[in-house]
Amino acid sequence: MKFDLLIPTRGNFENLKNIFLSIDKQTLSPQRVFVAVDKKLSKDEFDNLHYFLFKYIKNKDIRHNVNLLTNINADCFYGRGVSWLRNYLVSKSKQEFLYFLDDDNEFDADFFERTLQIYSEIYDEQNRDFIFSPKIIYRKSWVSQSEWIKEFNFALSKVVLNTIWQAPYSVVKMIWANSLFGKREIFEKIKFDERFQFVYEDLDFSYRCYLSGFPIIVSSKLGINHMERTKTRLEKSFIWSPSDAYQKSRNRIFFVKKNGTPKERIMFFCFALWLHTFWFFYLILIHGKNKIALFKAVIKWTLDWINWDLK
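Bear in mind the structure is a predicted one, so any value in this text is a computation, not a measurement.

(A) View of helix 2 (residues 43–55). The end-to-end C-alpha separation of helix 2 is 18 Å, in line with the 18 Å expected for 13 residues at 1.5 Å each. Among the residues of helix 2, those classed as buried are F46, L49, L53 and F54. Projection of helix 2 onto a plane perpendicular to its axis shows the buried side chains occupying an angular sector of 110 degrees, all on one side. More than 90 degrees from the buried face of helix 2, the exposed residues found are D44 and Y51. On its buried side, helix 2 packs onto helix 1 (13–24), strand 2 (33–37), helix 3 (60–63) and strand 3 (66–69).

Structure follows, in structure tokens:
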């Protein structure tokens, strides 16, 4: 089973260095590695990034098959958001299977080998195509970040966790896009909605996979270490800057309008919408530095969502 590895990134060198160290030691290597950088680089910045990244790749087979895609050497446009970047990466691959990994992950030497093994075992049981994810571990702590997402509560506008986790794997309705493995044709058919630049884009993608008959399956037998940096309270809520606050405020509404049933939409707009708005205001009031700009960003979606065109 051959696969390509796809890594969207904002060009954080330390993240890329660490994930390449993990890739370099694998017992089973991807056919090709595509790294797409969502950042405007100068020629000198590109040369430095290219040099130092390849410095950490000792495996010659991997080194010859790494493709660094930026505004300097490819048609990789920056500033369009992670959804566009993921779709762009899919268009560059020709392999039957793809593995999306965020750049802030580290994993054991047999990670890819075990991924293919567990995927094959589950496929023999399910006898249908699906999107596979390992258990997402917070910083090698074995504290799970995302294995129990069961469904979306439209009344509260939040994910519902599955507290039953005894089986080797669990079928869920949605998951974060930290680590996704599956057939290229699924990613080509469903695609990430580029109207979600970031925030909710992965929940929207995975939920549409589920609705289209491609279940999301999370393994309890395989973990990946998400080396997420320490974040402030507002960063965790995606409202730490005006642009983030706008995206978070708008996209939660966009997600409901796009995916909710008429009943679920009514539940959201009558309850969760206002509850969340006041909660955001509270967080900004307590933790925000540029409070006025953040308040304006949260309020702006109030006008935008009314006229938002889903076509």
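Anyway, onward from the coordinates.
(B) Region of interest: the environment of S219. Mapped onto the secondary structure, S219 falls in strand 11 (residues 216–226). Sequence-wise, S219 and I118 are 101 residues apart; in three dimensions their C-alpha atoms are separated by 8.0 Å. From its side chain, S219 meets the backbone nitrogen of K221 in a polar contact 3.0 Å long.

(C) Representation of the confidence of the model for the chain within the structure. On average, residues of the chain score 88 in pLDDT, and 94% of them are at 70 or above. Taken element by element, the predicted model of the chain shows its lowest mean pLDDT in strand 8 (residues 158–161) (70) and its highest in strand 4 (residues 97–101) (98).

(D) Region of the structure containing the environment of F20. Positionally, F20 belongs in helix 1. The sequence separation of F20 and I137 amounts to 117 residues, and the corresponding C-alpha distance is 18 Å. In this view, F20 contacts V33, V35, L53, Y56, I57 and V66; residues no more than four positions away in its chain are not counted.

Reading the values: rules and limits
- Residues numbered from 1 in each chain as written.
- Predicted model: local features only at pLDDT ≥ 70, side-chain atom pairs only at ≥ 80, totals over all residues.
- Heavy atoms only, no water.
- Helix = DSSP H or I, 4+ residues; strand = E, 2+ residues; numbered from the N terminus.
- Expected span 1.5 Å × (residues − 1).
- Buried < 20%, exposed > 50% of the residue type's maximum accessible area, 1.4 Å probe, protein only.
- Arc of directions from axis to C-beta.
- Contact = heavy atoms within 4.5 Å.
- Polar contact = N/O pair within 3.5 Å; in protein donor to acceptor, adjacent residues only side chain to side chain.
- pLDDT = per-residue confidence, 0-100.

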